[in-house]
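A closer look at the structure
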Amino acid sequence: MRNSLTLSKEEVDSLLTAGTPHVIRINMPSTGTIAFNDMIRGDVSFDMSTVDDKVLLKADGMPTYHLAVVVDDHLMQISHAFRGEEWLPSAPVHIRLWEKLFGRDAMPQWAHLPLILGPSGKLSKRDGAKYGFPVFAMNWTDPKTGETVEGFRERGFLPEAFINLLAMLGWNDGTEKEIFSMEELIEAFSMERVHSAGAKFDYEKAKWYNQEWLRGKPVQEIILALRSQFESLNSLNSLNSLTLERIVELVRDRCHLLTDFKEQMSYFMEYPKTVDVAAIQPKWNAEKTAFFQALMDRYGAMESWSALELEESFKTLATEQSIKPGELMLPLRIMLVGGKFGPGVFDIADILGKEETIRRIEVLTAQLTNN
RNA sequence: GGCCCGUUCGUCUAAGGGCUAGGACACCACCCUUUCACGGUGGUGAUACGGGUUCGAAUCCCGUACGGGCUACCA
């Protein structure tokens with residue numbers, strides 16, 4: 001290696017006077033060990049001979065992280081330095097710096113936290129793309145490529161859930177409690193219970209945390225969150241707030257993420273984009289056509305409109321025409337919703353209103369009958 | 001390769017020398033539900049391997065294997 005340690009003093013001096021670019025490195029001793037106590041890992045020690053002589057000041061005079069972090073922590077009188085495990089190998093450099101610069105007594109307490117790992121190794125953007133989950137809290141655009149990576153917030157995670165799930169990766173309070181608010185975390189957290197092993201991130205469990213938080217949230221707050229989530233979705237504004245509340249209450253159990261609401265609520269706001277006709281076409285017959293035509297008349301004549309009355313009227317008619325209601329429920333659902341999902345059909349019809357309900361029955365009855 | 005850290009169900013974890021190794025996510029089955037979910041009940045499933053120490057080891061020690069991190073004039 002060509003540096004001031006291997007060059008003669010004359011050569012060094014002449015290079016210096018010639019203004020040759022150079023860096024300043026730490027000179028780690030070639031013998032002895034450097035040991036320190038980590039709050040999570042206990043006693044850790046390194047052979048000083050195996051530690052690199054890291055660059056402290058770059059050729060342009062700017063300090064590297066190694067120098068900067070020690071000086072900065074000293075200036076800010078940091079008592080505890082918590083950082084990721086990836087810093088453990090350079091800890092000896094920092095400790096050596098503390099010894100020489102400010103004294104070991106002034107050194108903060110160290111804690112090297114376990115890493116959050118992807119399905120294979122350190123969590124990376126690649127993992128996110130490969131397995132379809134976010135890796136950043138919020139949308140992040142690569143300044144070089146201009147590519148944007150979707151964040152947890154944009155994916156539909158609540159901040160409370162995100163904090164909660166992160167905290168439980170490598171820590172627990174010793175009980176079976178898993179749902180913690182920020183306040184509860186502050187109260188319960190203790191460094192002693194932090195793990196030393198890295199934790200693999202599990203997207204399924206992450207969604208479960210969000211579902212739990214969604215479950216405990218008042219409808220009003222969910223609506224607020226939905227409004228900020230879907231700034232562009234002005235169809236939310238087209239519904240009056242009472243209807244919106246009813247819809248959210250009806251579909252919330254079916255949603256893991258805020259973004260799930262978009263799909264779950266869509267058929268309330270517009271005619272279904274896709275209709276699973278194939279699910280009912282094979283069993284369609286003249287009797288069913290007759291039933292739904294009669295149903296439209298009945299519904300059209302109804303003076304009040306409620307889920308209970310709609311169901312009653314529906315079943316009465318089915319009995320009159322000697323068709324099992326079970327064979328008619330799915331067709332009605334497909335007509336109103338477009339697929340085999342969603343809350344109770346009569347609740348949906350209730351919210352949809354008389355005009356829209358009849359219109360949807362009419363559209364599909366005509367289509368099925370003609371085929 | 002070298003150095004450092006780690007290893008309990010597939011995943012997150014509990015049990016800090018002493019009951020049948022407990023819970024959660026996921027998965028499977030059943031119940032509830034004339035859809036899909038929610039919910040309920042039950043089930044499959046783990047102490048990496050080999051040596052020690054001990055009356056007794058997931059737990060302490062050593063070795064091996066495996067995993068991860070670091071090894072930039074990045075942080």
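Scroll up a little and you will see the structure.
Here's a quick rundown of the structure. Note that the structure is a prediction, hence the values are computed from the model and not measured. (Residues numbered from 1 in each chain as written. Chains lettered and ligands numbered in written order. Predicted model: local features only at pLDDT ≥ 70, side-chain atom pairs only at ≥ 80, totals over all residues. Heavy atoms only, no water.)

1. Things to note about the overall build of chain A
What counts, and what does not: A run of DSSP states H or I qualifies as a helix once it reaches four residues; a run of E qualifies as a strand once it reaches two. Both are numbered from the N-terminal end. Note that the radius of gyration is over C-alpha atoms, with the globule rule given as 2.2 Å times the number of residues to the power 0.38. Burial classes follow relative accessibility: with a 1.4 Å probe on protein chains only, a residue under 20% of its type's maximum area counts as buried, one over 50% as exposed, and anything between as partly exposed. By definition in these notes, contact holds between two residues if any of their heavy atoms fall within 4.5 Å. Accessible surface area values rest on a Shrake-Rupley calculation with a 1.4 Å probe, where residue burial reflects the displayed protein chains alone.
Broken down by element type, chain A carries 17 helices and ten strands. The C-alpha atoms of chain A give a radius of gyration of 33 Å, which is well past the 21 Å a tight globule of 371 residues would have. The principal-axis extent of the C-alpha atoms belonging to chain A is close to 110 × 50 × 35 Å. When the 371 residues of chain A are sorted by exposure, 39% land in the buried category. Look at the contacts in chain A between residues 6 or more apart in sequence, and 63% of them connect residues 24 or more apart. In the structure as shown, chain A presents an accessible area of about 20,900 Å², 53% of it carried by carbon and sulfur atoms.

2. Section: the pairing of strand β5 (residues 80-84)
In plain terms, the rule: Any two strands with at least two DSSP bridges between them are considered paired. The crossover handedness rule: strands pointing away from the viewer, path from first strand over the helix to second strand clockwise, crossover right-handed.
As paired elements, β5 and strand β6 (residues 109-113) share five bridges and run parallel to each other. Each bridged residue has a counterpart across the sheet, and for histidine 80 the counterpart in β6 is glutamine 109. Once you follow β5 into helix α3 (residues 91-101) and on to β6, the crossover reads as right-handed.

3. What to know about a nonpolar patch on the surface
What counts here: What makes a patch is a set of residues exposed beyond 30% relative accessible area and free of salt bridges, joined within 9 Å when like-charged and within 5 Å when nonpolar (Val, Leu, Ile, Met, Phe, Trp, Tyr). Counted as salt bridges are all cases of a side-chain nitrogen of Lys or Arg within 4 Å of a carboxyl oxygen of Asp or Glu.
Taken together, the side chains of Ile163, Met182 and Ile186 present a nonpolar region at the surface, about 280 Å² in accessible area. Inspection of the secondary structure puts isoleucine 186 in helix α7 (residues 182-188).

4. Here's the deal with empty space enclosed by the protein
Remark: the empty space left among the atoms is shown by a probe the size of a water molecule rolled over them. Our working rule: Definitions used throughout: a 1 Å grid over protein atoms alone; a cavity as a set of points that fits a 1.4 Å probe which cannot get out; a pocket as an open set with protein on both sides within 12 Å along at least five of seven lines; a lining residue as one with an atom within 4 Å of a point. Grid points are joined across faces, edges and corners, and a volume is the space filled by probe spheres set on the points.
Inspection of the entire model under this criterion finds two cavities of 30 Å³ or more. What the largest cavity holds in volume is close to 50 Å³. Around the largest cavity, the lining residues are Gln211, Leu214, Arg215, Arg252, Asp253 and Cys255.

5. Observations regarding the nonpolar core
Operational definition: As used here, the term nonpolar core means buried Ala, Val, Leu, Ile, Met, Phe, Trp, Tyr and Cys residues forming a set that is joined through side-chain atoms within 4.5 Å.
By size, the foremost hydrophobic cluster in this structure holds 54 residues, and its most contacted members are Phe261, Phe291, Phe292, Tyr299 and Ile361. Beyond its immediate sequence surroundings of up to four residues, phenylalanine 291 is in contact with Phe314, Leu317, Ala318, Gln321, Ile323 and Leu328. Judged by nonpolar contacts, the second largest core, of 21 residues, contains Met28, Val44, Phe46 and Val69.

6. Details of the layout of surface pockets
The test is simple: When residues are grouped by polarity, Ala, Val, Leu, Ile, Met, Phe, Trp, Tyr, Cys and Pro land in nonpolar, Asp, Glu, Lys and Arg in charged, and all others, Gly among them, in polar.
For the largest pocket, the calculated volume is near 590 Å³. What lines the largest pocket is a set of 19 residues, and nearest its centre among them are Arg2, Asn3, Ser4, His22 and Val23. Broken down by element, the lining of the largest pocket gets its largest block of residues, three residues, from helix α1 (residues 9-17). Class assignment for the residues of the lining of the largest pocket results in ten nonpolar, six polar and three charged. Around the second largest pocket, the lining comprises 16 residues; the ones closest to its centre are Leu113, Pro114, Ile116, Leu166 and Leu169. When its residues are assigned to classes, the lining of the second largest pocket shows 13 nonpolar, one polar and two charged.

7. Quick look at the environment of aspartate 202
Note the following rule: A 3.5 Å cut-off defines polar contacts: any pair of N or O atoms within that distance qualifies, except that in protein one atom must be a possible hydrogen donor and the other a possible acceptor, and neighbouring residues in sequence count only when both atoms are side-chain atoms.
Looking at where aspartate 202 falls in the secondary structure, it is placed in the loop between β10 (199-200) and α8 (203-215). For aspartate 202, a relative accessible area of 43% gives the class partly exposed. When the C-alpha atoms of aspartate 202 and phenylalanine 268 are compared, they prove to be 33 Å apart, with 66 residues separating the residues in sequence. A distance of 3.2 Å separates the side chain of aspartate 202 from the backbone nitrogen of glutamate 204, its partner in a polar contact.

8. What about the protein's contact with RNA strand B?
Just so we agree on the cut-off: Throughout this document, a residue counts as near a molecule or strand when at least one of its heavy atoms sits within 4 Å of that molecule or strand.
Inspection of the region around RNA strand B gives 52 residues, with Arg41, Lys58, Arg254, Pro325 and Gly342 positioned closest. Those atoms of RNA strand B that come within 4 Å of the protein belong to sugar or phosphate at a rate of 72%. Side-chain polar atom of glutamate 85 to a sugar or linking oxygen of RNA strand B: 3.0 Å apart, as the coordinates give it. The contact in question runs from a sugar or linking oxygen of RNA strand B to an N or O atom on the backbone of aspartate 253, over 2.9 Å. Breaking the surface near RNA strand B down by element, the ones donating at least two residues are β3 (42-47), β10, α8 and α15 (325-337). Along the lines of polarity and charge, the residues of the surface near RNA strand B split into 20 nonpolar, twelve polar and 20 charged.

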